[in-house]
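Examination of the molecular architecture
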Amino acid sequence: MGIGELDREAHVPEVTGAAAAPRTLAEALRARGDEGLAALLRARPDLLNPVPNDLTQLATRAGTRGSVVRALERLDRFALQTAEALAVAPDPAPYSVLLGLLTGDEGDPEIEAALPGAVALLREQALLWGEDDRLRLVRTARELLAPSAQHPSPTGLGPTVAEATSGMSPGRVQEIIATAGLPATHDPVSAVAVLTGLFTDGARMGALLDTAAPEALAVLDRLVWGPPYGEVTANPAPPVRWLRDRGLLLPVSARTMVLPREVALHLRGGRAHRAPEPTAPVLSVRREYRPQVVDSAAAGQAQLALATVEELLKSWDRGGPQVLRAGGLSVRDLKRTAAAMDVTEETASFWLELCYAAGLLASDGEADERYAPTPAYDDWLDLPPAERWALLVTPWLTATRTAGLVGGQDAKGRALSALGPDLDRAPAPEVRHRVLALLATLPPGSAADPETLFARLRWERPLRGAAQSRAEDPAARPAAPTDLRSRLARWTLAEAELLGLTGRGALSGPGRALLNLPLAEAADAGEPGGGVELSVAAGRAATLLAPLLPEAVDHVLLQADLTAVAPGPLRRPLADALAVLADVESKGGATVYRFTPGSVRRALDSGRTATDLHEFLKAHARTPVPQPLAYLVDDVARRHGHLRVGAASAYVRCDDDTVLGEILADRRSAPLGLRKLAPTVLAAQVDPASLLEGLRSMGYAPAAESAEGDVLITRADAYRTSVRTAPVPVPDGPPAPDATLLGAAVKAIRAGDRAATAVRREPAAPTAAGTLPRTSAAETLATVQAAAMTGSAVWIGYVNAEGAASQRVIAPVRVEGGFVTGYDHTADEVRTYPLHRITGVAELADDQV
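The present account deals with the structure reproduced in this document.

Here is what the cut-offs are and how they apply
Residues numbered from 1 in each chain as written. Predicted model: local features only at pLDDT ≥ 70, side-chain atom pairs only at ≥ 80, totals over all residues. Heavy atoms only, no water. Helix = DSSP H or I, 4+ residues; strand = E, 2+ residues; numbered from the N terminus. Buried < 20%, exposed > 50% of the residue type's maximum accessible area, 1.4 Å probe, protein only. Areas by Shrake-Rupley, 256 points an atom, 1.4 Å probe, with all protein chains shown as cover. Salt bridge = Lys/Arg side-chain N within 4 Å of Asp/Glu carboxyl O. Pairing = 2+ DSSP bridges. Axes fitted to C-alpha atoms, helices over the stretch in contact; angles between N-to-C directions. Contact = heavy atoms within 4.5 Å. 1 Å grid on protein atoms, 1.4 Å probe; cavity = no way out; pocket = protein on both sides within 12 Å on 5 of 7 lines; lining within 4 Å. Points joined across faces, edges and corners; volume = space filled by probe spheres on them. Nonpolar A, V, L, I, M, F, W, Y, C, P; charged D, E, K, R; others polar. Expected span 1.5 Å × (residues − 1). Bend = angle between axes of the 7 residues up to and from the residue. Arc of directions from axis to C-beta. Polar contact = N/O pair within 3.5 Å; in protein donor to acceptor, adjacent residues only side chain to side chain. Parallel < 35°, antiparallel > 145°, perpendicular 65-115°, else oblique.

1. As for the overall build of the protein chain
Helix and strand counts for the protein chain come out as 35 helices and 25 strands. Put simply, the protein chain has 849 residues, and 48% of those count as buried. Counting every atom, the protein chain has about 39900 Å² of accessible surface; 54% of that belongs to carbon and sulfur.

What follows is the structure, encoded as structure tokens:
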């Protein structure tokens, strides 16, 4: 809808007759109730930024290209097909014509039943206006969806006969109608009308096509469903020449012919689309399980997710890999992390991005920038398992960062790295919500068929996924769907399974609670959340998950082969202590730890004594301490600290001169640059840390000491970043307005519209239509004073301090000190205006007071 047309409409008195049809989109919006306006603003929140002054401005904004494109992208397939059919229909089009374009000549009861809903949706979103006998698409939508040579229509239809012959000579048009057996006319316009009448008359078109050769009909068959354009030679074949001479193909250039829209519709049986889709694809069930089985499987995955995150961040306790100059993790570091976690690189990317989104992992911001856990990670470790799980799934559900893109390329061909930039995809939260909500529509314990799920998502947003997939690299994941929404859905299914929101492909009880859906039977899953805050829903999900998680144990089972078996998740103090004393050998339902000389020495370096270790093992083992393990502890402890390393550059001292002689005689000590300073002291040319490592590699167990000669205790102090906030999701357009904002916006728009359309008394001097009469300062003062005395409203023109002019309707209550104070009907509040900024004033008509 053009701005000029809307502005002209704003100054036309409102038609109040019940039978009067709206002439513009602004009039159609003015005829709506408050609920209808609120529905429009809820569906298209971009129209609220800022709040329009009146309904004319709202209609203008609703017709802008950016807003219309966003609205079209959010239409489902049948609503979009309805809009596409209107774009190729006459403007305006009766409802019956629109129905015929969708059902064809034979009719379709399913489409007939679905079409009123699609029309109502388009009308609600201000993409369509007018009564059923005069349906109109907004001008911008028609321009976007109508067929043209540069932008073919999704319907596959071409231009009309009138459009295709607009540049054709009158003589050529007369030749066409003569060849088609039509009488000659006196002007090109009537000639085009006669030819159009032939092509839209089913009986006469059938008779004409009966005279065509099979080869000519084959040419039409290739063009009928689009694209309607075809290349021809300078001397076309006889079938093409026969079609061209009768106007069944019309030239658009020297080498290109087009099938007119009227001819294509006849050949299609009146259908604008080959396959209209009035109803959404049905979500089918792949397999059914008992809900208890699904919840148990999901709980196991949730427990594994917690262990995986803890393992990942614990491995980076002393500082993780360096940050690339362009941001993110290098391919080599990602491969190393995946190998350490024994997962694929795609899965490792997901866990890294999850920790980053949850605020547990960040870069330290130093000059030599590295990744490390944040202080929030320590707080996270202190929480119960179910609450820790909730703090992982909540940011995952709302995050726009998409781990599935890692390894692909952006629009400029640059590689996308884990934790790097350019991984945000605004539709990701919506797709995650929608996938889980669709799973919730199935009976509890039912796993959906993924292909039907992807088909449903494509039906719901056909334009959105296709438009955004063009910026992606389709070669990044060869087996994945090409449209972005389907790829996001595929990643969502895999990630939800890793997190324990689903079990065996079916939505779990905690997952249903996270969406604030009923636990026994899925109700309407179209709008997840149901008005309850996500944090509250996450708390409910954690409450449901807690009884399903295995209870933490405080003991292990020691075995004679220097291993310990944890029969379940260990309590926090025991898990931390055992991780220092032993190395994890295998993970699963029962974790296996192995004791080695290196792991025992690590415990001794942390300040434990041999006695402490024996007591620890006895206190937490349900089986007797095996003799080999006791010997291992004592043997390592006996040699631990026998040598002392300190800072000279570095030195080694030992009370046993024989040991120092063995070290000097060992060829492996040559890189250390050792020399004897005294019978019990060796000096080294390397730093203390390198000296410690070198002696340990030779089989000794030295201990570091301070400048005072005391043994240094090397505790496993974790390196942490400074306080970091989690990344903020990239919004997918303006946020949805709440009920309070909608009510206030509708009220303000109504008030502004009443002021803009109020009927004014004719001034004494004639003025241009729709302009404010200019009044002198004395006239302005006298008029507002009179209005304040009588309690009437006046129409004023006002220029603010920035020079912006506006028109307002105010009811003055006080005039003093060069200011007028009154109730502003436009802003719906009491305001004060300087008199010198009022450019003119006029009284309202009697019926408007």
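That was the structure; now back to the text.
2. Here's the deal with the pattern of salt bridges
Scanning all chains against the criterion turns up 37 salt bridges. For Arg-638, the salt bridge identified is with Asp-635, shortest N-O distance 2.9 Å. Taken together, the positions of Arg-638 and Asp-635, both in helix H31 (residues 627–639) and three residues apart, correspond to about one turn of that helix. You can call Asp-635 partly exposed: its relative accessible area is 30%. By sharing partners, the salt bridges in this structure join Arg-172, Glu-175, Arg-244 and Asp-245 into a single network.

3. Observations concerning the sheet that holds strand S24 (residues 829–834)
Strands sit in the order S24-S23-S22-S21-S25 across an open sheet of five strands; the sheet is antiparallel. Looking along the sheet, the strands with just one partner apiece sit at the ends: S24 and strand S25 (838–843). On average, each strand axis in the sheet is tilted by 45 degrees relative to the strand beside it, whichever way the strands run. Against the sheet, helix H35 (residues 777–790) engages strand S21 (794–799), strand S22 (805–816), strand S23 (819–824) and S25, with an angle of about 65 degrees to S22.

4. Digging into the sheet that holds strand S4 (residues 250–251)
The three strands are arranged S3-S5-S4 in an open sheet whose pairing can be described as antiparallel. Each of the sheet's edge strands pairs with one partner strand only, and the pair in question is strand S3 (229–231) and S4. Examined bridge by bridge, S4 and strand S5 (residues 256–258) share two bridges and lie antiparallel to one another. What sits directly across from Pro-251, in S5, is Met-257.

5. Considering unusual backbone geometry
Note the cis peptide between Asn-49 and Pro-50, where omega equals -5 degrees. Among the secondary structure elements, Pro-50 is positioned in the loop between helix H3 (34–43) and helix H4 (55–62). Gly-226 connects to Pro-227 through a cis peptide bond whose omega is -5 degrees. Here Pro-227 shows up in the loop between helix H14 (214–223) and S3. You will see that Asp-342, though not glycine, has its phi angle at about 60 degrees, which is positive. On the secondary structure map, Asp-342 appears in the loop between helix H18 (331–341) and helix H19 (345–357). Classification of Asp-342 as exposed rests on a relative accessible area of 71%. Unlike most non-glycine residues, Leu-419 shows phi in positive territory, near 65 degrees. Among the structural elements, Leu-419 can be located in the loop between helix H21 (385–398) and helix H22 (428–440).

6. Focus: empty space enclosed by the protein
In this structure the tally under the stated criterion is four cavities of 30 Å³ or more. The computed volume of the largest cavity comes to approximately 80 Å³. Lining the largest cavity are Phe-350, Glu-353, Leu-354, Ala-357, Trp-396, Ala-399, Arg-401, Ala-403, Arg-432 and Glu-495. Looking at the lining of the largest cavity residue by residue, the classes come out as six nonpolar, no polar and four charged.

7. A closer look at helix H8 (residues 109–124)
Given 3.6 residues to a turn, an α-helix orients residues that are three or four positions apart in the same direction. Between its terminal C-alpha atoms H8 stretches 24 Å, which fits the 22 Å expected from 16 residues at 1.5 Å a residue. In the structure, H8 departs most strongly from a straight axis at Leu-115, where the bend amounts to approximately 30 degrees and where the proline Pro-116 lies between one and four residues downstream. Where the residues of H8 are buried, they touch helix H6 (77–87), helix H7 (95–103) and strand S1 (128–129).

8. Structural notes on H18
Of all the residues in H18, the buried ones are Asp-333, Leu-334, Thr-337, Ala-338 and Met-341. In a view along the axis of H18, the buried residues occupy a sector of 135 degrees, so they form one face of it. Those residues of H18 that are exposed and aimed more than 90 degrees away from the buried face are Val-331, Arg-332, Ala-339 and Ala-340. For H18, the secondary structure elements touched by its buried residues are helix H17 (291–315) and H19. Asp-342 sits one or two positions beyond H18 and adopts a positive phi of about 60 degrees.

9. Thoughts on the environment of Ser-417
Along the chain, Ser-417 falls in the loop between H21 and H22. Take Ser-417: its relative accessible area is 16%, and that puts it in the buried class. Taking the C-alpha atoms as reference points, Ser-417 and Gly-328, 89 residues apart in sequence, are found 5.6 Å from one another. When sequence neighbours within four positions are dropped, the list of residues in contact with Ser-417 reads Leu-324, Gly-327, Gly-328, Leu-329, Val-406 and Leu-423. At 3.4 Å, the side chain of Ser-417 forms a polar contact with the backbone oxygen of Gly-327.

10. Notes on the packing of H18 against H19
Axis angle and axis distance: for two packed helices, these are the angle between their axes and the distance between the axes, and together they describe the pair. Remark: H18 packs on H19, axes separated minimally by 9 Å, with the N-to-C direction vectors making an angle of 95 degrees. The pairing of H18 with H19 is recorded here as roughly perpendicular in orientation. Every residue of H19 that contacts H18 at Leu-334, Lys-335, Ala-338 and Met-341 is listed here: Glu-345, Ala-348, Ser-349, Trp-351 and Leu-352.

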